[in-house]
Amino acid sequence: MTYGSESRPLLRHAVAAIAGVVAAGVLVASPAVAHTGLSTHGVFDGLTHPLTGGDHLLAMVAVGVLAALTPDRRIAWLTPAGFLAGMVVGGVAGIVEVAAPFNELAIAVSLVALGALIVIRSDGRGLWLPVVAAVIGTLHGYAHGAELPNGTAALGYVAGFVTSTALLHLGGVGIGLQLRKASALRVAAGTLVSGVGVLLLVSP
């Protein structure tokens, strides 16, 4: 094997990482990342709410990607389940107004972590991955619950965003199955997710 052939995968991964960073910059610069001032009055609003913020959408899809990348089928099922369970707990905490002043910062950090896990393609063996997913789900669930005004249909809203999140996980699984065969695209996808997290951290 020649030096040139050995360096090609590294070059492809470097180009993929750069493409992911550029895409992250474009996404953060667009209004798609913001989702304030939206209607939150019931099931339909709960269904659509996770789709209105790029940070939440990326996290939910990334969890599905990680589930598809792990070789352990049990962990593959428990990872999105952990996120959903954590999100319900976080949603309730947000609705009852539990104080969490650094939640948005923690959400940005969670994106960095999820993207890094996609890039390195951790084998996901052991229960640590579902536990991490549950913690991240709690952060995102809190953000959803905290945006629910008093007197609205909380149960329907929570049911809506849990259903939407499960569908996003499923979509992420489909993407992850394809990324298992394309390491450069996996690096680009992971860098995109982490890049958005980093840019949100440094944004004013």
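Look up a bit, the structure's there.
The rules behind each value
- Residue indices follow the written sequence of each chain, beginning from 1 at its first position.
- The model is predicted, so local features are restricted to residues of pLDDT at least 70 and side-chain atom pairs to those at 80 or more, both for listing and for counting; the totals for chains, interfaces and linings are taken over all residues.
- With hydrogens and water excluded, all non-hydrogen atoms of the structure serve as input to the side-chain values.
- Put simply, DSSP marks the helices as runs of H or I at least four residues long and the strands as runs of E at least two long, and each gets a number from the N terminus on.
- Accessibility here uses a 1.4 Å probe with only protein chains present; expressed as a share of the type maximum, an area under 20% marks a residue as buried, one over 50% as exposed, and anything in between as partly exposed.
- The contact definition used throughout considers only heavy atoms, calling two residues in contact when any of these lie within 4.5 Å.
- Residue burial considers only the protein chains on display, and all accessible areas are found by Shrake-Rupley using a 1.4 Å probe.
- In this analysis, a patch consists of residues with relative accessible area above 30% that form no salt bridge, clustered at 9 Å for like charges and at 5 Å for the nonpolar side chains Val, Leu, Ile, Met, Phe, Trp and Tyr.
- A side-chain nitrogen of Lys or Arg and a carboxyl oxygen of Asp or Glu constitute a salt bridge if their distance falls within 4 Å.
- For a helix, the expected span equals 1.5 Å multiplied by the residue count minus one.
- Only buried residues count toward a nonpolar core, which is a set of Ala, Val, Leu, Ile, Met, Phe, Trp, Tyr and Cys residues joined through side-chain atoms within 4.5 Å.
- Structural elements are reduced to axes, namely lines fitted to C-alpha atoms, with helices fitted over the stretch in contact, and the angle between N-to-C directions of any two is expressed from 0 to 180 degrees.
- With respect to orientation, any angle under 35 degrees is reported as roughly parallel, any angle over 145 as roughly antiparallel, any angle of 65 to 115 as roughly perpendicular, and every other angle as oblique.
- Crossing handedness: left-handed means the near helix sits turned counterclockwise from the far one by under a right angle, and right-handed means the same turn made clockwise.
- Residues were grouped as follows: Ala, Val, Leu, Ile, Met, Phe, Trp, Tyr, Cys and Pro as nonpolar; Asp, Glu, Lys and Arg as charged; and all remaining residues, including Gly, as polar.
- Under the rule applied, a polar contact is a pair of N or O atoms within 3.5 Å (in protein, one hydrogen donor and one hydrogen acceptor; residues adjacent in sequence only if both atoms are side-chain atoms).

K.L.:
Hey, could you run me through the overall build of the protein in this one?
P.N.:
Helix and strand counts for the protein come out as eight helices and zero strands. Going from N to C terminus, the protein has its helices and strands arranged as α-α-α-α-α-α-α-α. Here the protein holds 204 residues, and 43% of them are scored as buried. Taking as baseline every contact in the protein between residues at least 6 positions apart, the subset at least 24 positions apart corresponds to 84%. When the accessible area of the protein is evaluated, it comes to approximately 10000 Å², of which 73% is carbon and sulfur surface.

K.L.:
Got a minute to help me understand a nonpolar patch on the surface in this structure?
P.N.:
Taken together, F102, L105, V109, V198, L201 and V202 make up a surface patch of nonpolar side chains, about 560 Å² in accessible area. Of all the elements in the fold, those that place two or more residues in the nonpolar patch are α5 (103-120) and α8 (183-202). It is α8 that contributes the most residues to the nonpolar patch, three residues altogether. Here V198 shows up in helix α8.

K.L.:
What exactly am I supposed to notice about α8 here?
P.N.:
Since the α-helix packs 3.6 residues into each turn, any two residues three or four apart lie on the same face. Between the first and last C-alpha of α8 there are 28 Å, a value that for 20 residues agrees with the 28 Å anticipated at 1.5 Å per step. Inspection of α8 places R186, V187, A188, G190, T191, V193, S194, G195, V196 and G197 among the buried residues, and these make up the whole buried set.

K.L.:
Looking at this model, I keep getting lost on the nonpolar core. Mind explaining?
P.N.:
Note on soluble globular proteins: their nonpolar side chains tend to be buried together. Counting 28 residues, the largest nonpolar core has F83 and L114 as its most contacted members. Secondary-structure elements contributing two or more residues to this core are α3 (54-69), α4 (73-95), α5, α6 (128-146), α7 (154-179) and α8. Examining the composition of this core, we find that nine residues originate from one element, α3, more than from any other.

K.L.:
Teacher, can you tell me more about the packing of α3 against α6 here?
P.N.:
Helix-helix packing is characterised by the crossing angle of the two axes and by the distance between the axes. Across the interface, α3 lies against α6 with an axial gap of 11 Å and an inter-helix angle of 160°. On the basis of their axis angle, the class for α3 and α6 is roughly antiparallel. Considering only the axes of α3 and α6, their crossing is left-handed. Across from D55, H56, A59, M60 and L66 in α3, the residues of α6 making contact are L129, H140, A143 and H144. Here the residues of the contact of α3 with α6 sort into five nonpolar, three polar and one charged.

K.L.:
Help me understand α4 in this model?
P.N.:
When the terminal C-alpha atoms of α4 are compared, their 34 Å separation across 23 residues agrees well with the 33 Å that a helix rising 1.5 Å per residue should span. Where α4 begins, one side-chain oxygen reaches toward the backbone nitrogen of R74, 2.9 Å away; that side chain belongs to D72. Two residues or fewer after α4 comes E97, characterised by a positive phi angle close to 65°.

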